[in-house]
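Report on the structure
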Amino acid sequence: MPVTGCLALAATKNTPIFSRDEIQPWPTEDEQMYPRFLVVSQFVLSAVLVLSVDWWPVPKWPLLLASPGILLIGWSVGAMGLSKTRIHPTPSESTRLVTPGPYRFVRHPMYLGLLWLTGALLTAPPSLWRVGVWFVLLAVLVAKSRIEDRALKLLFSEYAHYASNVGGLLPKPFGKR
């Protein structure tokens, strides 16, 4: 339980990743530690959820429920381009703003797809500890999305308008756009 509390605390930490006065979204080596922690946490938590599934016999219904998440991840990677897809929440010098495809509906469709996929797998077998791990994964992905949003606002002047019209992890209701 202490690890879960630590991850949840770290995921809700409101520390500025980009603290320099100049507008430069590429963090220093010291500023990279928190995003790296989030990336490692994302992979560990996702692996725990996937590997804890009772895979024999093959859980048909959970896989069927997970398929929209898998398709959303694939659509997102296709819209961004495989060579431009990053797991780290801070941008690179070649980062470009992608708004077509699933990015028309949510700013972080890969995270939504991962949450959908792992959420669907919670049914094989259902257990409270796995639900707890899923909620920690949610907190980690929310923290990563905040870092990305902050960096993209610095990089792209049009990002603030895009973010006000497009939901982060969930689509905004059509009347609210």
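Residues numbered from 1 in each chain as written. Predicted model: local features only at pLDDT ≥ 70, side-chain atom pairs only at ≥ 80, totals over all residues. Heavy atoms only, no water.

Observations concerning the packing of helix α3 (residues 60-80) against helix α4 (residues 109-121)
Interhelical geometry of α3 versus α4 gives an angle of 165° and a closest axis separation of 8 Å. When the axes of α3 and α4 are compared, the pair comes out roughly antiparallel. Considering how the two elements wind past one another, α3 and α4 form a crossing that is left-handed. Taken together, the residues of α4 that come into contact with α3 (itself represented by P62, L63, L65, A66, P68, G69, I70, L72, I73, S76, V77 and M80) are P109, M110, L112, G113, L114, W116, L117, A120 and L121. Tallied by class, residues from the contact of α3 with α4 come to 18 nonpolar, 3 polar and no charged. (Axes fitted to C-alpha atoms, helices over the stretch in contact; angles between N-to-C directions. Helix = DSSP H or I, 4+ residues; strand = E, 2+ residues; numbered from the N terminus. Parallel < 35°, antiparallel > 145°, perpendicular 65-115°, else oblique. Left-handed = near helix turned anticlockwise from the far one by under 90°. Contact = heavy atoms within 4.5 Å. Nonpolar A, V, L, I, M, F, W, Y, C, P; charged D, E, K, R; others polar.)

Considering unusual backbone geometry
Generally, phi is negative for residues other than glycine and the peptide bonds are trans, each holding for most cases. Look at the link from W56 to P57: it is a cis peptide, with omega at -5°. Its place among the elements puts P57 in the loop between α2 (33-51) and α3.

A few points about α3
Side chains of residues three or four places apart in an α-helix project in the same direction, reflecting 3.6 residues per turn. Helix length check: α3 (21 residues) gives 30 Å between terminal C-alpha atoms against 30 Å at 1.5 Å per residue, within 8%. Where α3 bends most, at A66, the angle is about 35°, and the proline P68 comes one to four residues later. Residues of α3 that are buried: P62, A66, G69, L72, S76 and M80. For α3, the secondary structure elements touched by its buried residues are α4. Just beyond α3, the residue with positive phi is G81, at close to 100°. (Expected span 1.5 Å × (residues − 1). Bend = angle between axes of the 7 residues up to and from the residue. Buried < 20%, exposed > 50% of the residue type's maximum accessible area, 1.4 Å probe, protein only.)

Thoughts on the packing of α4 against helix α5 (residues 128-155)
Contact geometry of α4 with α5 gives a least axis separation of 11 Å together with a crossing angle of 180°. Classified by the angle their axes make, α4 and α5 are roughly antiparallel. Where α4 approaches α5, its residues Y111, L114, L115, T118, G119 and L121 are matched on the opposing element by R130, W134, L137, L138, L141, K144, S145 and E148. For the contact of α4 with α5, the class distribution of residues is 8 nonpolar, 3 polar and 3 charged.

Comments concerning the packing of aromatic side chains
On inspection of all chains with the given rule, the structure shows 3 aromatic pairs. Aromatic pair W134 and F135: ring centres 5.1 Å apart, planes at 85°, arrangement edge-to-face. (Phe/Tyr/Trp six-rings, centres within 6.5 Å; stacked < 30°, edge-to-face > 60°.)

Focus: the environment of V48
By secondary structure assignment, the location of V48 is in helix α2. Along the chain, V48 and V133 lie 85 residues apart, while their C-alpha atoms are 8.1 Å from each other. With near-sequence residues (within four places) excluded, V48 lies in contact with W129 and V133.

Details of α2
Its 19 residues give α2 an end-to-end C-alpha distance of 27 Å, which sits within 8% of 27 Å, the value for a rise of 1.5 Å per residue. Within α2, burial applies to Y34, P35, L38, V39, S41, Q42, L45, S46 and L49. Down the axis, α2 shows its buried residues gathered within 165° of arc, on one side only. For α2, the exposed residues lying more than 90 degrees away from the buried face are M33, V40 and L51. (Arc of directions from axis to C-beta.)

Looking at the confidence of the model for the chain
Per-chain confidence: the chain averages 84 in pLDDT, with 81% of residues scoring 70 or above. Mean pLDDT across the elements of the chain bottoms out in helix α1 (residues 2-11) (34) and peaks in α4 (98). (pLDDT = per-residue confidence, 0-100.)

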